[in-house]
Amino acid sequence: MKIRAGYDIAFQCSQETPMLLMLSVRPERGADLLTEHRIQLSNEIPSRDYRDLFGNVCTRLAAPAGLLEIRNEFVISDNGLPDEVSPRAEQWPIDCLPDEALVYLLGSRYCDTEKLSQLAWQQFGSIVGGWQRVKAICDYVHNQLEFGYHHARPDRTASEGHQERRGVCRDFAHLAVALCRCLNIPARYCTGYLGDIGVPRDPAPMDFSAWFEAFLDGRWFTFDARHNHPRIGRVVIGRGRDAADVAISTAFGPTQLVRFQVVTEEVANTSADQKLEAAV
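Residues numbered from 1 in each chain as written. Predicted model: local features only at pLDDT ≥ 70, side-chain atom pairs only at ≥ 80, totals over all residues. Heavy atoms only, no water.

J.: Even after reading the chapter, I still don't get the overall build of the chain, so can you show me in this structure?
T.: For the chain, the count of helices and strands is five helices and 14 strands. Relative to the globule expectation of 19 Å for 280 residues, the C-alpha radius of gyration of the chain, 20 Å, shows essentially globular dimensions. Principal-axis analysis of the C-alpha atoms places the extent of the chain at approximately 55 × 55 × 40 Å. In the chain, once contacts between residues fewer than 6 apart in sequence are set aside, the share between residues at least 24 apart is 77%. Total accessible area on the chain is roughly 13,900 Å²; 50% of this is exposed by carbon and sulfur atoms. Both charge centroids of the chain, one from 30 positive and one from 37 negative side chains, sit 1 Å from each other. (Helix = DSSP H or I, 4+ residues; strand = E, 2+ residues; numbered from the N terminus. Rg over C-alpha atoms; globule rule 2.2 N^0.38 Å. Contact = heavy atoms within 4.5 Å. Areas by Shrake-Rupley, 256 points an atom, 1.4 Å probe, with all protein chains shown as cover. Lys, Arg positive; Asp, Glu negative; His and termini not counted. Charge placed at Lys NZ, Arg CZ, Asp CG, Glu CD.)

Dropping the structure here:
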């Protein structure tokens, strides 16, 4: 399938402000892009890209005083398959984990594992099998937290989300990631596009979404504690220890968000596309 995605974001800057943006599709999906993928900045403000420690593409710029507008729209190819389900995937002993996975066992800014370790072992320690344990964590988090955009708070930690029993998608992901790490399962936070493809349309304005990946049987699997069922058409922008590593924007000075629009939708095949697919 084809997915049209993009954003229209604007900040008001009271003075010249250095900024970092993380709004580019992960390099692994570069070959799937069917159109140009370019961050467009108002007034042709100069910028440059670099790769961070997690392999995410970051954009550096100095926003002048006034209105900064950031836009992008692109079409990307997707296999159209839902998230993989692998009930037999096993949890590996720590000694067998690759070096690069170990950082995802440690506590981080929003995943305060030290406050959740006892809960994690009490609730999930007796569950045998890596996949079954992670699925049980997702079920627990899904039922524990109430989702609502009005519950958003940028400084909420995993343990606070558990205590408050509410949050947005990042809070669901943080709590699930922290519980996995408490049980020695490497888990990393993801952010990106997730449209209402194959599910009823959500009437709320579209946003970037957050989910997580757990390392089982030697590779990473996608899990989503908020939706708690396989979804179609995820397009990853960033991966990291938690939301602090993958903020879509970081301003080193005073800025005000004045516009935020995100689009992610399936592109209907035209008759020409259908004829080409039939010929292939």
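J.: Looking at this structure, how should I read the pattern of salt bridges?
T.: Side chains bearing opposite charge may pair, as long as their charged atoms lie close to each other. The full count for this structure, using the stated rule, is 25 salt bridges. Note that Arg-188 and Glu-213 form a salt bridge whose closest N and O atoms lie 2.6 Å from each other. Here Arg-188 is found in strand β9 (residues 187–193), whereas its partner Glu-213 is found in strand β10 (residues 209–216), with 25 residues between them in sequence. Pair check on accessibility: Arg-188 and Glu-213 agree, each one buried. (Salt bridge = Lys/Arg side-chain N within 4 Å of Asp/Glu carboxyl O. Buried < 20%, exposed > 50% of the residue type's maximum accessible area, 1.4 Å probe, protein only.)

J.: Even after reading the chapter, I still don't get the packing of aromatic side chains, so can you show me in this structure?
T.: Aromatic ring pairs are reported here in terms of the distance separating the ring centres and the angle at which the planes meet. Within this structure, the stated rule accounts for 14 aromatic pairs. Relative to Tyr-104, the ring of Phe-54 lies with its centre 6.4 Å away and its plane at 45°, an arrangement referred to as tilted. Linking Phe-54 in the loop between β4 (47–51) and β5 (57–63) with Tyr-104 in the loop between β6 (66–77) and α1 (117–124), this pair joins segments that are 50 residues apart in sequence. Pairing Tyr-193 with Phe-208 gives two aromatic rings, centres 5.2 Å apart and planes at 65°, and the pair type is edge-to-face. Note that Tyr-193 is positioned in strand β9 and Phe-208 in the loop between β9 and β10, a separation of 15 residues in sequence. (Phe/Tyr/Trp six-rings, centres within 6.5 Å; stacked < 30°, edge-to-face > 60°.)

J.: I tried to follow the sheet that holds β4 on my own but got confused; where do I start?
T.: Strand pairing in a sheet is mediated by backbone hydrogen bonds. Such pairs are either parallel or antiparallel. Taken together, four strands build an open sheet; the order of strands is β4-β5-β2-β13 and the sheet is antiparallel. The outermost strands of the open sheet, each flanked by one partner alone, are β4 and β13 (249–251). Between one strand and the next, the sheet's axes are offset by a mean angle of 20°, whatever the strand orientation. One ladder, built from five bridges, connects β4 with β5; its direction is antiparallel. Its bridge partner being in β5, Asp-49 is matched across the sheet by Thr-59. (Pairing = 2+ DSSP bridges. Axes fitted to C-alpha atoms, helices over the stretch in contact; angles between N-to-C directions.)

J.: Can you walk me through the sheet that holds strand β14 (residues 255–267) in this structure?
T.: Strand order in the open sheet made by the four strands is β3-β6-β1-β14, with antiparallel pairing throughout. The two strands at the open ends of the sheet, each matched to only one other strand, are β3 (40–41) and β14. Bridging between β3 and β6 involves two bridges; their strand directions are antiparallel. Pairing of Leu-41 across the sheet is with Ile-70, part of β6.

J.: Got a minute to help me understand the nonpolar core in this structure?
T.: A general trend in soluble globular proteins is that nonpolar side chains are found buried together. Counting 35 residues, the largest nonpolar core has Tyr-7, Leu-23, Leu-61, Leu-68, Ile-70, Tyr-193 and Phe-208 as the members making the most contacts within it. Every element with two or more residues in this core is listed here: β1 (2–13), β2 (17–21), β5, β6, α4 (169–182), β9 and β12 (235–240). No other element matches the six residues that β1 contributes to this core. Those residues within four positions of Leu-68 in sequence are excluded, and the remaining contacts are Ile-9, Ala-10, Phe-11, Cys-13, Met-19, Ser-42, Ile-45, Leu-61 and Ala-63. Counting 32 residues, the second largest nonpolar core, distinct from the first, contains Phe-124, Cys-138, Tyr-140 and Leu-216. (Core = buried A, V, L, I, M, F, W, Y, C linked by side-chain atoms within 4.5 Å.)

J.: So what exactly am I meant to see when it comes to the side chain of Arg-156 here?
T.: Counting through the fold element by element, Arg-156 comes out in the loop between β7 (146–147) and α3 (158–164). Separated by 3.1 Å, the side chains of Arg-156 and Asp-171 make a polar contact. (Polar contact = N/O pair within 3.5 Å; in protein donor to acceptor, adjacent residues only side chain to side chain.)

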